[in-house]
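An overview of the molecular structure
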Amino acid sequence: MGAGLTMQTRVSGRELLRDVVVMEGIVKVYPGGTVALRGVDFSLRYGEIHCLLGENGAGKTTLMKILAGSLRPDLGRVVVKGEEVRFRSPADAAKLGIGMVHQHFSLIPSFTVAENIVLGYPEEGVRQKLKLDIEVLAEEIRRFSEDVGLPVNPNALTRELPAGMKQRVEILRLLYRRADVLILDEPTSILTPLEVGELFKALRKLKAQGKTIVLVTHKPREALAIADRITVLRRGRVAARIEDPGEIDESGLAELIVGERVATSVSKVGNLARGVRRPALTVKDLYVLDDRGVEAVKGLDLELYEGEILGVAGVVGNGQRELVEAILGLRRPVKGRITLLGVEVTGKPVGEVISLGLAYIPEERLLRGVSTELSVAENLVVKQYGKEPFCRRYLINVKLIKEFARGAVREYNIVAPDINSPVKFLSGGNIQRLIIARELSLNPRVVIAEQPTAGLDVKATNFVHEKLIELRNRGVAVLLISADLDEILKLSDRIAVISGGRIVKVYDCVEAIDLRELSEYMLGIRR
Ligand SMILES: Nc1ncnc2c1ncn2[C@@H]1O[C@H](COP(=O)(O)OP(=O)(O)OP(=O)(O)O)[C@@H](O)[C@H]1O
Ligand SMILES: [Mg+2]
């Protein structure tokens, strides 16, 4: 670490005095081949609030993880406080005052606020204090939190705190380690509007104390409310740098986020005529709570027809997950009606819903899609195991299962050492092929695909796309839920925009879509 500046640097002396962080030409390729960053320049001035915007998958978290030392760039340089750095861990970054609050909470729920704040603090003295005197520690944290203007109750149990307070604890954790560059990755996505107001007040206080803050967000409105400067990322590149946010409005910013695109739809050959639309899935006035008991779906209406791909466009976290779980029977709606192929399935158990002819291609493949310890063959038949022809009179036909598995592996090009090897040895793209092979072998009439290509390489992505189109051409109804607008535009016959737990707009004709308007619906500017 700290190799010092060499002559080849593009950073000028003036920038060194002004900028606490300069990142140049950052390239990051994930194992598996996703190019997350394609040469990004990014800088932070001392004492500014800098908003980093961009749609899902633009590369925001990747860039910030590199700055915070939890990922290493493949190319490019990072200069912090005038020194070129090569962080090997978050601890290296912390030594230079850089700290990050991640998209998901990292606090220990059963600990008190004070314990969470000092947890892992390197100084031996603190560890002693923690052991010897909890009261002293609590008092110190109380005073500390008041001094920085973010008061907390040090004795409160972390799991009992509302989201806004937990976030405050995470920020205090960083400040306690004397961080002066704070990175907050989408802190507002889990907050109520009131809590967002509180957070912004706190951030302004920190700025007044000379801290530098990066706020990652999807929402133009938030960026315009608090940013000194804005950087917009799009598909791994800087799409815009805004030095004076006073000169741009929400919809201008939305356009920069989404960018210019052409709605290039794939060949619609074989698509059923639009005149004869038979509904396959109908959702009426649906209300569903999320894990925290907050209404995530609120009054949602949706109609999916046979032989179409209906793309549900939206920023992650706007009720998509809860909608899917409600349809699948994994989450009980508080209100509303779901009808699948003419049968009301509201609140019905998942097995019953699936047996009507519903297939599901999930986003969290490892959690929901497969059993990683089971073999390729077992995973392929797991849903039909006890049924004919694989099982007859309680006898499992191993030979037939193997034949079926070999056929599926061939047809879907699943690269696996062997049909008997556990699925945990497969790459993400091959696991997705396996899931698709299994789901489609059930001859579904309705398919829900949830971020079906997230994290897949180009080849695997194309494969998934071809399969979805093939299904649609066979008359299957496909509900495609994706945060990837390109994917939605490429595959959908119709597009529904989800925002704030409701479908706020439906486009019946994708070819004539106004992308600026679409992005405004997605980002909550229009409703
Ligand atoms: N651990 C990983 N392995 C492989 N690919 C990844 C990994 N993390 C992210 N990616 C991919 O890298 C790209 C950039 O992801 P990143 O998480 O940086 O985006 P983001 O802008 O933070 O998106 P979001 O708004 O959804 O948080 C995406 O295509 C994503 O699928
Ligand atoms: Mg992110």
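For the structure, see preceding data.
Let us look at the structure shown here.

The next subject is the environment of P389. Turning to its location among the elements, P389 is positioned in the loop between α14 (376-381) and β17 (391-392). Overall, P389 belongs to the partly exposed group, its relative accessible area being 37%. Each C-alpha atom, one on P389 and one on I401, is 9.0 Å from the other, the two residues being 12 residues apart in sequence. Once you skip the residues sitting within four places of it in the chain, P389 turns out to touch N397 and L400.

Here the focus is the packing of aromatic side chains. Within this structure, the stated rule accounts for two aromatic pairs. Considering the side-chain rings of F144 and Y176, the 5.2 Å spacing of their centres and the 85° angle between planes classify their relative orientation as edge-to-face. Note that F144 is positioned in helix α6 (residues 134-147) and Y176 in helix α7 (residues 163-176), a separation of 32 residues in sequence. Residue F144 is classed as buried on the basis of its relative accessible area, which comes to 18%. Between Y412 and F463, the ring centres sit 6.0 Å apart and the planes meet at 80°, which makes this aromatic pair edge-to-face. With Y412 in the loop between α15 (398-411) and α16 (428-440) and F463 in helix α17 (residues 458-473), this residue pair connects regions lying 51 residues apart in the sequence. For the pair Y412 and F463, one class covers both residues: buried. A cation over an aromatic ring shows up here: K28 above the ring of Y30, its NZ or CZ 5.9 Å from the ring centre. Over the ring of F463 we find R433, and its NZ or CZ is 4.4 Å from the ring centre.

Now for the site of ligand 1. Ligand 1 sits among 15 residues. The nearest are N56, G57, K60, T61 and T62. Taking G57, its main chain carries an N or O atom lying 2.8 Å from an oxygen atom of ligand 1. At 2.9 Å from an oxygen atom of ligand 1 is found a main-chain nitrogen or oxygen belonging to G59. Summarising the interface, the protein chains cover 69% of the accessible area of ligand 1, which totals 640 Å² for the free molecule.

Inspection of every chain in the model, using the stated rule, returns 35 salt bridges. Residues E255 and R516 are paired through a salt bridge, measuring 3.1 Å at the closest nitrogen-oxygen approach. Within this pair, whereas E255 is found in helix α10 (residues 250-258), its partner R516 is found in helix α19 (residues 515-522), the two being separated by 261 residues in sequence. Since its relative accessible area comes to 36%, E255 is described here as partly exposed. On the accessibility criterion, R516 (33% relative accessible area) is partly exposed. E308 is paired through a salt bridge with R494; the nearest N and O atoms lie 2.8 Å apart.

Right, let's get into the sheet that holds strand β8 (residues 212-217). In space, the six strands of this open sheet follow the order β6-β7-β8-β3-β9-β10, with mixed pairing throughout. Among the strands making up the open sheet, the edge pair consists of β6 (98-101) and β10 (237-242). Averaged over all pairs of adjacent strands, the angle between their axes in this sheet comes to 20°, without regard to strand direction. Pairing geometry for strand β9 (residues 229-234) and β10, over five bridges, is antiparallel. Within β10, the position partnered with I230 by the bridge is I242.

On to α10. Given 3.6 residues per turn, any residue in an α-helix points the same way as the ones three and four places further on. Buried within α10 we find S251, G252, L253, A254, I257 and V258. On its buried face, α10 is in contact with β3 (49-53), α9 (220-226), β9, β10, α18 (485-491) and α19. One or two steps after α10, the chain reaches G259, where phi turns positive at roughly 80°.

A few words on the pairing of strand β11 (residues 279-289). Where β11 meets strand β12 (residues 295-305), eight bridges bridge the pair, whose relative direction is antiparallel. Counted as the bridge partner of Y287 is K298 from β12. Connecting β11 to the next strand, β12, in antiparallel fashion are five residues, including G293 with a positive phi near 85°. As defined by bridge partners, β11 adjoins strand β14 (residues 335-340) across five bridges and the pair is classed as antiparallel. Bridge assignment links V283 to a residue of β14, and that residue is I338.

Reading the values: the criteria
Residues numbered from 1 in each chain as written. Chains lettered and ligands numbered in written order. Predicted model: local features only at pLDDT ≥ 70, side-chain atom pairs only at ≥ 80, totals over all residues. Heavy atoms only, no water. Helix = DSSP H or I, 4+ residues; strand = E, 2+ residues; numbered from the N terminus. Buried < 20%, exposed > 50% of the residue type's maximum accessible area, 1.4 Å probe, protein only. Contact = heavy atoms within 4.5 Å. Phe/Tyr/Trp six-rings, centres within 6.5 Å; stacked < 30°, edge-to-face > 60°. Lys NZ or Arg CZ within 6 Å of the ring centre and 35° of its normal. Near = heavy atom within 4 Å. Polar contact = N/O pair within 3.5 Å; in protein donor to acceptor, adjacent residues only side chain to side chain. Areas by Shrake-Rupley, 256 points an atom, 1.4 Å probe, with all protein chains shown as cover. Salt bridge = Lys/Arg side-chain N within 4 Å of Asp/Glu carboxyl O. Pairing = 2+ DSSP bridges. Axes fitted to C-alpha atoms, helices over the stretch in contact; angles between N-to-C directions.

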